[in-house]
Amino acid sequence: MADLSINFAGIKSPNPFWLASAPPTNSGYQVQRAFEAGWGGAVWKTLGEPILNISSRFAGTHFNGQRVAGFNNTELITDRPLEVNLEEIYETKKRFPNNPIIASLMVEPEQEKWHEIVKRVEAVGVDGFELNFGCPHGMAERGMGAASGQVPELVEKQTMWAKEAASKPVIVKLTPNITDITATAYAAVQGGADAISMINTINSLAGVDIDTWNTIPHVAGKGAHGGYCGPAVKPIALNMVAECARNSTIDVPISGIGGISDWRDAVEFLLMGAGGLQVCTAAMHHGFSIVEDMVDGLNNYLDDKSIASVEDLVGKSVPRYSDWGDLDLNYKTVARINTDTCINCNKCHIACEDTAHQCIDMLKAKDGTEYLEVREDDCVGCNLCSIVCPVDGAIDMVEMLSEEPMTWKEREAAINQPASGISLVK
């Protein structure tokens, strides 16, 4: 069996799967149940001045029969007194000394307040802190959460204040509701962050009831934007993790968050540079026991690849992630339809004919049966046909012999400097 233990910014954990700061980590009862189920660690629901929540506060986005493809919430930070949370953290840590507990924190952007809460929370034995600069609703209107997280100067300053009082590692949780997440990630590093985590939830409105015209969810007929998470946000989260992981100025570990629903998602985040993983929506959808499949699946994957430790997987795909201008313009793939597998639903033909490059022909065999065939000379390898095809293996994207590689950047350099020796291929 592979070694699933991690050392994340000095925080040791029996496996990389942590519960994110959210409803599942609202109390000692829940966190202890999670540890019993096999979760490696937990980020406690954000501590600060207790708030008042609203009802209702959650909404699910369902798609094509799949429940909870996305999840929207307008819940805020803890609604319980700090003293109660601290007592439960202390008791939970005593029961599970080998499972890290990270305290998520949020206070107003004042040095004294950061010093005070860090010292009080550290005294009960937490293994680290996560500064919540991402909450997009409720707290942001009070100058905290995303309101701080969207301003690099505030991220840097508040990180520095927390570090001044903390002896345990400080993780900075970043908002995705920003043009360039690397700007705030860099600010966190400049402030002394030991690690960063991403992404927090995305500004969203789950939907509108077309019969009542109320927003979903609504509170007495009124609605507000919430935070979006779940499987639907995974591509956004994965990109932001990758952008930070390949940026040499952001030289701290990354805790990956956003749509991790099974072990395959976990592997993708690890490959793109996440040194640890946080999960929320999948646990809310399926319960804490889902971690068993995540652990077993990751273990089997590492064994199949003959990889001894999960930490050996971290960042292996980062060198393969680049800018568009570095991609080979002469690389070519084409679609090939496997007639033995094709069910002749014609979805590929319709998609190609109406919205792509009109390179799939409907033909007739000698026995009169119809079949589909790609004119490979006209195929641009866009992948659309294979994406809409409902049958695995019916369409393959085949790599063709390429001409001499040439990127857009190289092409521009050749145009500007003809004597460079790079030939332009049409």
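Conventions and cut-offs
- Residues numbered from 1 in each chain as written.
- Predicted model: local features only at pLDDT ≥ 70, side-chain atom pairs only at ≥ 80, totals over all residues.
- Heavy atoms only, no water.
- Buried < 20%, exposed > 50% of the residue type's maximum accessible area, 1.4 Å probe, protein only.
- Helix = DSSP H or I, 4+ residues; strand = E, 2+ residues; numbered from the N terminus.
- Pairing = 2+ DSSP bridges.
- Right-handed = clockwise from strand over helix to strand, strands pointing away.
- Axes fitted to C-alpha atoms, helices over the stretch in contact; angles between N-to-C directions.
- Core = buried A, V, L, I, M, F, W, Y, C linked by side-chain atoms within 4.5 Å.
- Contact = heavy atoms within 4.5 Å.
- Salt bridge = Lys/Arg side-chain N within 4 Å of Asp/Glu carboxyl O.

### Structural notes on the pairing of strand β15 (residues 254–257)
One face of the sheet, then the other: side chains in a regular strand alternate in exactly this way. On β15, burial covers both faces: I254 and G256 on one face and S255 and I257 on the other are all buried. Both strand β10 (residues 195–198) and β15 contribute to a ladder of three bridges, which runs parallel. Opposite M198, over in β15, you have G256 as the bridge partner. Strand direction decides the pairing type here: β15 and strand β16 (residues 274–279), joined by four bridges, are parallel. Counted as the bridge partner of I257 is Q278 from β16. One crossover worth recording links β15 to the parallel β16 by way of helix α8 (residues 263–271), and it is right-handed.

### Here's the deal with the sheet that holds strand β11 (residues 202–204)
Pairing is antiparallel in the open sheet, where four strands are placed in the order β5-β6-β14-β11. Every other strand in the sheet has two partners, leaving β5 (58–63) and β11 as the edge strands with one partner each. For this sheet, the mean inter-axis angle between neighbouring strands, taken without regard to orientation, is 45 degrees. Note that β11 and strand β14 (residues 226–229) share three bridges and pair antiparallel. Opposite N203, over in β14, you have G227 as the bridge partner.

### A closer look at the nonpolar core
If you look at the biggest cluster of nonpolar residues, it comprises 88 residues, and the most contacted ones within it are W39, V121, I196 and M198. Here this core gets seven residues from one element, more than from any other, and that element is helix α10 (residues 290–304). Excluding its chain neighbours within four sequence positions, the residues that come into contact with W39 are N15, F17, W18, L19, A34, N99, V279, A283, F288, I290, V291 and M294. If you look at the next biggest cluster of nonpolar residues, it comprises 15 residues, including A335, I337, I360 and C389.

### Details of the pattern of salt bridges
A full pass over the atoms with the stated rule returns 16 salt bridges. In this structure, R80 and E88 form a salt bridge, with 2.9 Å as the shortest nitrogen-oxygen distance. For R80, a relative accessible area of 16% translates into the label buried. For E88, a relative accessible area of 22% puts it in the partly exposed group. As a salt-bridge pair, D361 and R375 come within 2.6 Å of each other at their nearest N and O atoms. Of the two residues, D361 sits in strand β18 (residues 360–364) while R375 sits in the loop between β19 (370–374) and α12 (384–388), which places them 14 residues apart along the sequence. On the accessibility criterion, R375 (31% relative accessible area) is partly exposed. Counted as one network, the salt bridges with shared partners bring together K234, D265 and E268.

### Describing the sheet that holds strand β9 (residues 170–174)
Reading around the circumference, β3-β4-β7-β8-β9-β10-β15-β16 is the order of the eight strands in this closed barrel, with parallel pairing throughout. In this sheet, adjacent strand axes meet at a mean angle of 25 degrees when their direction is disregarded. Note that strand β8 (residues 128–133) and β9 share five bridges and pair parallel. What sits directly across from F129, in β9, is V170. On top of the sheet, helix α1 (residues 28–37) reaches β3 (17–19), β4 (41–47) and β7 (101–105); it is set at about 165 degrees to β4, its chief contact. Running over the sheet, helix α6 (residues 181–190) touches β9 and β10 and is turned about 160 degrees from β9.

As far as function goes, none of this settles anything; it's purely spatial.
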